[in-house]
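Remarks on the overall topology
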Amino acid sequence: MSGGRSSDRARPEAVISAGLSGQRAISSGHMGTVLFQPLETTRLLLRCVVADDAAATAMIMTPEVSRWLANWPVPFTHEMAVARIEAARDRARRGDALPFTVTDKVKGDLIGWVMIYRSEENPRRGSLGYWVGEKHHCKGYMRELMPIALAAGFDLLDLDAIEAAAQPENAASIAVMKGCGMKPAGEGMVYAPARGRHELCQFYEVQRSPTPA
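Residues numbered from 1 in each chain as written. Predicted model: local features only at pLDDT ≥ 70, side-chain atom pairs only at ≥ 80, totals over all residues. Heavy atoms only, no water.

Looking now at unusual backbone geometry. Cis geometry marks the peptide bond from valine 74 to proline 75, where omega comes out at 0°. As for its placement among the helices and strands, proline 75 is situated in the loop between helix H2 (63-66) and helix H3 (78-93). A positive phi is found at cysteine 138, a non-glycine position, where the angle reads about 65°. Note that cysteine 138 resides in the loop between strand E6 (125-132) and helix H4 (141-156). With a relative accessible area of 83%, cysteine 138 lands in the exposed category. Located in the positive-phi region is aspartate 158, a residue other than glycine, with phi close to 55°. With respect to the element layout, aspartate 158 can be found in the loop between H4 and strand E7 (161-166). (Helix = DSSP H or I, 4+ residues; strand = E, 2+ residues; numbered from the N terminus. Buried < 20%, exposed > 50% of the residue type's maximum accessible area, 1.4 Å probe, protein only.)

Before going further, it helps to examine H4. An α-helix turns once every 3.6 residues. As a result, residues three or four positions apart point the same way. For H4, with 16 residues, the first-to-last C-alpha span of 22 Å sits near the 22 Å given by 1.5 Å per residue. Of all the bends in H4, the greatest, near 30°, is centred on proline 147. Within H4, burial applies to Tyr141, Met142, Leu145, Met146, Ala149, Leu150, Ala151, Ala152, Gly153, Phe154 and Leu156. Aspartate 158 sits one or two positions beyond H4 and adopts a positive phi of about 55°. (Expected span 1.5 Å × (residues − 1). Bend = angle between axes of the 7 residues up to and from the residue.)

Moving on, we get to the pairing of strand E5 (residues 110-118). Where burial is concerned, most of E5 is hidden: 9 out of the 9 residues are buried. Bridge analysis of strand E4 (residues 97-104) against E5 gives 7 bridges, and the strand direction is antiparallel. Bridge assignment links threonine 103 to a residue of E5, and that residue is leucine 110. The hairpin formed by E4 and E5 contains 5 residues between the paired strands, and glycine 108 there has a positive phi angle of roughly 85°. Taking the residues that link successive antiparallel strands as the turn, the E5-E6 hairpin has 6 residues. (Pairing = 2+ DSSP bridges.)

Along helix H5 (residues 171-179), the residues classified as buried are Ser173, Ile174, Val176 and Met177. The arc enclosing the buried residues of H5, seen along the axis, measures out at 155°, which places them on a common side. Turned more than 90 degrees away from the buried face of H5 sit Ala171, Ala172, Lys178 and Gly179, all of them exposed. On its buried side, H5 packs onto E6, H4, E7 and strand E9 (197-208). Two residues or fewer past H5, glycine 181 is found with a positive phi of approximately 90°. (Arc of directions from axis to C-beta. Contact = heavy atoms within 4.5 Å.)

Looking now at the packing of aromatic side chains. One pair of aromatic rings is described through two measures. These are the centre distance and the angle between the planes. All chains considered together, the criterion is met by 4 aromatic pairs. Judged by centre distance (5.0 Å) and plane angle (40°), the ring pair of tryptophan 72 and phenylalanine 76 falls under tilted. The buried category is assigned to tryptophan 72, whose relative accessible area is 4%. Residue phenylalanine 76 is classed as buried on the basis of its relative accessible area, which comes to 5%. Ring geometry for tryptophan 72 against tryptophan 113: centres 5.0 Å apart, planes inclined by 75°, an arrangement best described as edge-to-face. Remark: tryptophan 113 occurs in strand E5 and tryptophan 72 occurs in the loop between H2 and H3; sequence separation between them is 41 residues. Looking at tryptophan 113, the relative accessible area reads 0%, which means it is buried. (Phe/Tyr/Trp six-rings, centres within 6.5 Å; stacked < 30°, edge-to-face > 60°.)

So this is what it looks like as structure tokens:
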């Protein structure tokens with residue numbers, strides 16, 4: 001889950017090194033299908049979302065996945081997926097987002113999404129959201145991809161800090177945040193449109209490492 005909150009945030013000490021060899025910054029000019037270069041891990045390919053991802057996205061957005069996400073309701077229809085992808089790509093074109101689909105490198109199956117969005121209140125900060133389909137839970141995918149996804153956020157969006165949030169009961173998501181070096185940054189209420197209510201969330205944050213002199 002990710003979103004704004006009203007409580008003051010503590011400044012964590014965690015930092016992450018940025019630096020993606022061969023990566024290209026997002027351009028604000030004419031765009032084709034590829035808005036930024038894909039990233040790879042041992043098992044996974046992270047690439048910009050495209051219209052063809054709509055059917056698979058709608059299919060794997062189940063109640064068990066949605067229950068932990070602020071902005072992904074169920075049922076999540078194909079039309080809703082198309083609109084979500086168009087909006088995400090529009091933000092990417094403006095240089096304000098990195099919307100990744102996570103796919104199996106061998107089979108090509110869509111596993112989930114990872115999104116890093118620039119904060120509207122502070123352009124030097126970003127918000128991280130992520131999820132994988134039910135059948136892909138407990139396979140370590142998020143811990144595998146998170147270091148390169150965060151590095152891309154710092155490099156391509158030129159952010160100083162990235163935060164994420166999860167409900168206290170969402171132990172798996174909190175473990176992911178801790179596992180990629182994020183540190184506690186307080187808690188606050190987040191509005192979840194998917195359920196039409198505010199929910200208590202714990203926030204975690206990681207800062208960009210200082211550039212060597």
